[in-house]
Structures are given as structure tokens and as C-alpha cells.
Amino acid sequence: MLNINYMINNLSEQEQIRRNSLEELIRMGINPFPAEEFPVTIDSEELIKKWQPDAGMYTDISIAGRIMSRRIMGSASFAEMQDSKGKIQIYVKRDEICTGEDKSLYNIVFKKLLDIGDIIGVRGEVFKTQTGEISIKVKELKLLCKSLRPLPIVKETTDEKGNKIIHDAFTDPEQRYRQRYLDLVVNPTVKDVFIQRTRLVDTMRSFLNERGYLEVETPILQPLYGGASARPFKTVHNTLDMTLYLRIANELYLKRLIVGGFDGVYEFSKDFRNEGMSRFHNPEFTQMELYVAYKDYNWMMNLVEEMVEKIAVTLHGDTKILCGEHIIDFKKPWKRYTMYSAIHEFTGIDISNMTEQELTETARKLKVHVETTMGKGKIIDEIFGEYCESKLIQPTFITDYPIEMSPLAKKHRSKTGLVERFEAICNAKEICNSFTELNDPLDQRMRFEEQLELGKRGDEEAMTLDEDFLRALEYGMPPTSGLGIGIDRLTMLMTNSVSIQDVIFFPQMRTER
RNA sequence: GAUUCCGUAGCUCAGCUGGUAGAGCAUUUCCCUUUUAAGGAAGAGGUCCUGGGUUCGAAUCCCAGCGGGAUCACCA
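Being a predicted model, the structure only gives us computed values, none of them experimental. (Residues numbered from 1 in each chain as written. Chains lettered and ligands numbered in written order. Predicted model: local features only at pLDDT ≥ 70, side-chain atom pairs only at ≥ 80, totals over all residues. Heavy atoms only, no water.)

*Asks:* Just checking my understanding: could you explain the packing of helix α7 (residues 188–210) against helix α9 (residues 297–316) for this structure?
*Replies:* When two helices pack together, you describe them by how their axes are tilted relative to each other and by the distance separating the axes. Relative orientation of the contacting elements α7 and α9 amounts to 135 degrees, with a least axis distance of 10 Å. Viewed along their axes, α7 and α9 adopt a mutual orientation that is oblique. Every pair of crossing elements has a handedness; the one defined by α7 and α9 is right-handed. Contact residues: α7 offers Q196, R199, L200, T203, M204, F207, L208 and E210, while α9 offers L303, E306, M307, K310, I311, T314, L315 and H316. Split into classes, the residues belonging to the contact of α7 with α9 amount to 8 nonpolar, 4 polar and 4 charged. (Axes fitted to C-alpha atoms, helices over the stretch in contact; angles between N-to-C directions. Helix = DSSP H or I, 4+ residues; strand = E, 2+ residues; numbered from the N terminus. Parallel < 35°, antiparallel > 145°, perpendicular 65-115°, else oblique. Left-handed = near helix turned anticlockwise from the far one by under 90°. Contact = heavy atoms within 4.5 Å. Nonpolar A, V, L, I, M, F, W, Y, C, P; charged D, E, K, R; others polar.)

*Asks:* Would you mind going over the pattern of salt bridges with me for this structure?
*Replies:* Where side chains of opposite charge bring their charged atoms close, a pairing between them can arise. Counted according to the given criterion, the structure contains 41 salt bridges. Here K85 ties to D43 by a salt bridge, and the two come within 3.5 Å at their closest N and O atoms. Linking K85 in the loop between β2 (76–82) and β3 (87–93) with D43 in the loop between α1 (13–27) and α2 (44–50), this pair joins segments that are 42 residues apart in sequence. According to the relative accessible area criterion, K85 is partly exposed, its value standing at 46%. The class of D43 is buried, set by a relative accessible area of 19%. With a shortest N-O distance of 3.3 Å, E125 and K139 are connected by a salt bridge. With a gap of 14 residues between them, E125 in strand β4 (residues 119–128) and K139 in strand β5 (residues 134–145) connect regions that are remote in the sequence. Accessibility expressed as a relative area gives 26% for E125, which makes it partly exposed. Linked by salt bridges that have partners in common, R176, R180, D183 and D502 make up one network. (Salt bridge = Lys/Arg side-chain N within 4 Å of Asp/Glu carboxyl O. Buried < 20%, exposed > 50% of the residue type's maximum accessible area, 1.4 Å probe, protein only.)

*Asks:* Which parts of the structure should I look at to understand empty space enclosed by the protein?
*Replies:* In this approach the atoms are scanned with a rolling probe the size of a water molecule, which exposes any empty space left behind. As enumerated under the stated definition, the model contains 1 cavity of 30 Å³ or more in all. If you add up the space inside the largest cavity, you get close to 30 Å³. As for the largest cavity, its lining consists of Q222, L224, Y225, G226, G227, A249, L252, Y253 and D466. Looking at the lining of the largest cavity, its residues break down into 5 nonpolar, 3 polar and 1 charged. (1 Å grid on protein atoms, 1.4 Å probe; cavity = no way out; pocket = protein on both sides within 12 Å on 5 of 7 lines; lining within 4 Å. Points joined across faces, edges and corners; volume = space filled by probe spheres on them.)

*Asks:* Quick question: what am I supposed to make of the protein's contact with RNA strand B here?
*Replies:* The local shell around RNA strand B holds 50 residues, among which Q89, T129, E174, H281 and R489 are the closest. Sugar plus phosphate, as a fraction of atoms of RNA strand B within 4 Å of the protein: 58%. Contact between RNA strand B and T129: a base oxygen at 3.2 Å from a side-chain N or O atom of the residue. At a separation of 3.2 Å, a sugar or linking oxygen of RNA strand B approaches a polar side-chain atom of R178. The set of elements that each furnish at least two residues to the surface near RNA strand B consists of α1, β1 (61–73), β2, β3, β6 (155–158) and α5 (173–178). In terms of residue count, α5 provides more of the surface near RNA strand B than any other element does, 4 residues in total. Per-class residue counts for the surface near RNA strand B are 16 nonpolar, 15 polar and 19 charged. (Near = heavy atom within 4 Å. Polar contact = N/O pair within 3.5 Å; in protein donor to acceptor, adjacent residues only side chain to side chain.)

*Asks:* How do you make sense of the state of the cysteines when you look at a structure like this?
*Replies:* Covalent bonding between the sulfur atoms of two cysteines is what defines a disulfide. Within this structure, the stated rule accounts for 0 disulfides. Here C388 is not cross-linked by a disulfide; its sulfur's nearest cysteine counterpart is in C426, at 16 Å. As a non-bridged cysteine, C426 has C323 as the owner of its nearest cysteine sulfur, 6.7 Å distant. Using a relative accessible area of 1% as the deciding quantity, one classes C426 as buried. (Disulfide = S-S within 2.5 Å.)

*Asks:* So what exactly am I meant to see when it comes to the packing of helix α8 (residues 251–259) against helix α14 (residues 467–475) here?
*Replies:* Packing of α8 against α14 leaves a shortest axis separation of 9 Å and a crossing angle of 25 degrees. Our classification of the angle between α8 and α14 gives roughly parallel. The chirality of how α8 crosses α14 is left-handed. Together, L252, K255, R256 and V259 of α8 and D468, F469 and A472 of α14 make up the contact between the two elements. Counted by class, the contact of α8 with α14 contains 4 nonpolar, no polar and 3 charged residues.

*Asks:* Help me understand the nonpolar core, please; the structure alone is not making it clear to me.
*Replies:* Counting 41 residues, the largest nonpolar core has I343, F384 and I398 as its most contacted members. Within the residue set of this core, elements represented by two or more residues are α8, β13 (284–293), α10 (339–347), α11 (356–365), α12 (376–387), β17 (396–402), β18 (418–426) and α14. When residues no more than four places from it in sequence are discounted, the contact partners of F384 are M339, A342, I343, E389, L392, I398 and I425. Counting 38 residues, the second-largest nonpolar core is a separate cluster that includes V201, A312, C426 and C432. (Core = buried A, V, L, I, M, F, W, Y, C linked by side-chain atoms within 4.5 Å.)

*Asks:* What is the right way to look at the confidence of the model for chain A in this model?
*Replies:* Regions with low pLDDT should not have their predicted coordinates read in detail. Taken over all residues, the pLDDT of chain A has a mean of 89, while the share at 70 or more is 96%. pLDDT under 50 marks residues 1–8. Its contacts with residues more than four places away, or in other chains, come to 8 contacts. Predicted complex metrics record ipTM = 0.83 and pTM = 0.91. (pLDDT = per-residue confidence, 0-100.)

*Asks:* Would you explain helix α13 (residues 441–456) in this entry?
*Replies:* Because each turn of an α-helix spans 3.6 residues, side chains separated by three or four positions end up pointing in the same direction. The end-to-end C-alpha distance of α13, which contains 16 residues, comes to 22 Å, matching closely the 22 Å that a straight helix rising 1.5 Å per residue would cover. All of the buried residues in α13 are P441, D443, Q444, R447, F448 and Q451. Projected onto a plane normal to the axis of α13, the buried residues spread over an arc of 155 degrees and lie on a single side. In α13, the exposed residues that point more than 90 degrees away from the buried face are L442 and K456. Against β18 and α14 lie the buried residues of α13. Between the side-chain oxygen at the start of α13 and the backbone nitrogen of L442 there is a gap of 2.9 Å, and the oxygen is on D440. G458, located one to two residues past α13, shows a positive phi value of around 105 degrees. (Expected span 1.5 Å × (residues − 1). Arc of directions from axis to C-beta.)

Spelled out as C-alpha cells, the structure:
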């Protein structure tokens, strides 16, 4: 037998006791980690929803889960069992599980050697207790997995008004994120957030598939990073002896596929940006990018409205959802502002014909932070960020951005100095970014060269020049509309989560200890 | 990266101007009827994040470090 008590000095009393129980179980011939299938016939949710008294229903069911609490009273006990759907009470009576002379399964195994956190399977009959709780009268009980560490104990009670009160909740953010498995076991609403995240992605995927767009995969390891302004993670391929970057966006590869002749492609992609972390930023995050040939950004705005409205309805049964103190209504159409008109609306100032000098003075007047290195576009963006973005709670499209900040977007068809770009802002945060894609290879080369200049001047986020991408454009890319939606951010909105760490199973953390 | 707050038992948290380390739940032992907030009784359990300093004496005050939260900056 394994020496399971090695390192015993480092174990807490409770861990030692559980290891002792484990040894005792093995001595009794009970395998604490059995391999064979345990046939589960029902889950707790279905059982509670469907069971009817006096109908002879569920007289022989089997169900498995984790023991979450126990109340032992002599020869009869109650315990709560938790499976993937919820909790169900079980009633364990000595003479029901030990029909013969040998009562050790109840007296020793159930009462002494099992613990909160152990995973068991039971077979029995559903009934209602005198206090009215649907429960399972256990006829057979089998240990499926012994738990060697004590679980955080969270108690839930209900007050007179029927509100749930949580006692001793497992709330320490560090422990919750580092040990997400515990968070999931102990805080049931956490699971709901992640189920909603998957439903959101599923809804988006079927929305796009219904329209005939093709889901594709493009490289995560790239010799040149591009498609966004950000600092990358760098790695090295040993055999090729080659520097590779983890992608910061998938834009340039997806556009190559449009060149290749696909009409619509999309990708759910993990992207990586080597930048600061906050409750809105994780170093790896998920985007959905979509490119559709022969469309423009006006068309894409309609698609975004429709898609996000559909997501809200699928997740909440309504276009209106609660977000912090606000009720946000995703019903289309959303409000639309050009960037200049938004600034005019919120500051009363018309900047549309200002020179860089006038803009700088205006920014100073508005007490917006400006630096001499900032170009016209950057100053406008600062004013917008300071005065408009924070006021935009309901979903709103902002269109027609300064050209300096959008090196991959096509010049506006009628407004000089601007590009055909929009962002959707909701709850004061950007949820998507889109443009009529730049498909003029000569203009694109010039824009890249401007980025190189910025890079030389020390802008670490400036884009690199991608010669192969330009070559692809020179063969000809049809007019195309592109979109990027931040899945984490959208999930935060849709699940009323305040931190990105609450919608990512394993957010990035410093090494423990 | 800057500012600020936090780190005490398995979990949630008290611990006052510096004087032997506390509670509830969990855990252990005993009693026990279909129990309901967590049945009753008794017990055990601590690197007070780490390292320095001040002091007769530090969980407490000071300094540094580690980890985390919040706000700001950068960004999506």
C-alpha cells in the first residue's frame, strides 16, 4: 500500500483524519476510488421538477453527487448531496442500507468514514419528508470518491420573505480564482455565469452559421503580429530557430481568406496582449472576428444590433437586462452618433473643422490630458473618452473615427480625415469595433509606413509592416466589412459581472507563494 | 507602473491606546425519534503572510518584501 501518511507533519488535523478514514476504508475492503461506471438515472433538477407525490414515481432511481452537509441522528440521518444541477436531500436509515446483521456500512462507513466533500452514488426511492422537502430514501449507498481536503462550508438559509441568506460565503477573490474548482463547488451562481458564457457563444455561432459564414481557424503563433495596436508576447520555435509572437488579433489572416475567395469567415479566437491587467483586462482574452465580402460598415451595424439583441433574448428572455444599477435595453435600433456629433452633444463644442492647434487648445480648456506627441486623432479620442464614453449606458454606435487611429480601415467615402469605422459602446465600455476594410494596397502600404514611423518614435504599440498581407491585397480583396467583438466584455455585460475575472475560469494570477 | 486598503484556525470573521490568541460553522468523542438556520454535551485545533526594527513585552507600532482587492495610467 502507498504510504499515504507521508508528509503527515504538513497536514492539518482534518486532512490527517481524512487520510486515516481512507486507510480504514481500504482495510474494510472498500475501494475509495472505484473505476467502474456508476449508472446515474436522473439529476437533482429533473427529480425535483418532475416528481409528483402519490403517483408511484421514481421508486427506484440512482443519482450521484458530492456530500455537502450531514445531520446524523442515531440510526437515521439526513445529508445534502450536490450534483451538476443542484442539491437534493437524502435520507439514510440504518436498516434500509444494512438489511442484514452487519450494520457496519451505516455505523462505520456512513457515520464515521465519510465526510463532507466525498462523492457518493445512491439508489433509492423519492419521497417527501414531514417538513415537505423532496428527498431520497436511500436503499444502496456507494462511495465513488473520497475527498482528502475539507471543503469551505457555506450555509444558505431562507428568511420569512423567502430571500436566500448566505452565511460564511467563500468570497476571497484570490482563493476563488486560484482554486476555481472550489468556487464552482461552493458558489452555485458561479456556474451559471459560465453556462451563460457558453450559451452566448453558441447563440453567436448559430447566428453566423445560419447566414452561411464559415467558422475557420488561423495561426496563434505568428512570425509577425498585427491587426491591432498592442504589445505582444514573444516566444521561440526551437527547430526553426525562429521568433514567434502570440497573436494580438486575427484580422490580417482572416482578410487573406477573403482574398482567397470566401464570402464570409469568422473565428472565435484567444488573443494575447502583453499589457497591464485590470478588471477589464486579462492577458489572454477571447474575440470573435467576422469578415464579410461586398458589405460595408453600415451593413455591419445592422448585423451587430440584430445579433446582440438575439443574444440578450436567448440568455434572458428579454431585450432588457440588469447591469449594475442600470437597465440596458438591447432592442434595435440602437442610437447612432458620429464621433464629432457625440462630442458636440456632450461638450457643446463642434470640433469638426478644427486644426490640430485649435484642438489642443480645446482639450486644454476641457481639462483633458494632452501631450505634444499626440496627433489630431489621439486628442479627439481623448476628448471622446473623457466626455462621451462614460455617459453612454444604453447601446450606442459611434461612427467615423479619425484616420490616424485606424490604419486598417478604409477612408470615409465623403468625409476627409475620417475612416468608415464604428464602435458599439454599452455601459460606458466598448463592446465591438468594426470598419469598412481597407482594400487599397497602396493606401495600406502608406498607412503601415506611418505606423513604422510611430514605432521609430517609440510607440511600442505601433503596427509592423506585413509584406505578405500587402502582397495578398495586391492580388485584390473585394470590398469587405470586418467586425471584432470582445466575448469576455460582452459576457460581463450579459451576466452583470463587474470583473473580467468573473467570466474567465482561470484568470491570470501571479505564481502562488 | 502609481496611490490606497487588506493578509489571524479548514471556511467566515472579532481582537480597543502594545500585556497569556477569540467566536460561529467545519473537525474529534459521546448521546440521539423523518431533521430544517447548524439536534444536544464535551474537546482538540494557530509560522497571527515573511523578514527586520522599536519595546521589559508586538497579531497590534515602524521599515522592507511577498500575495490579493480597489482606484488611476495603458489597452479590448
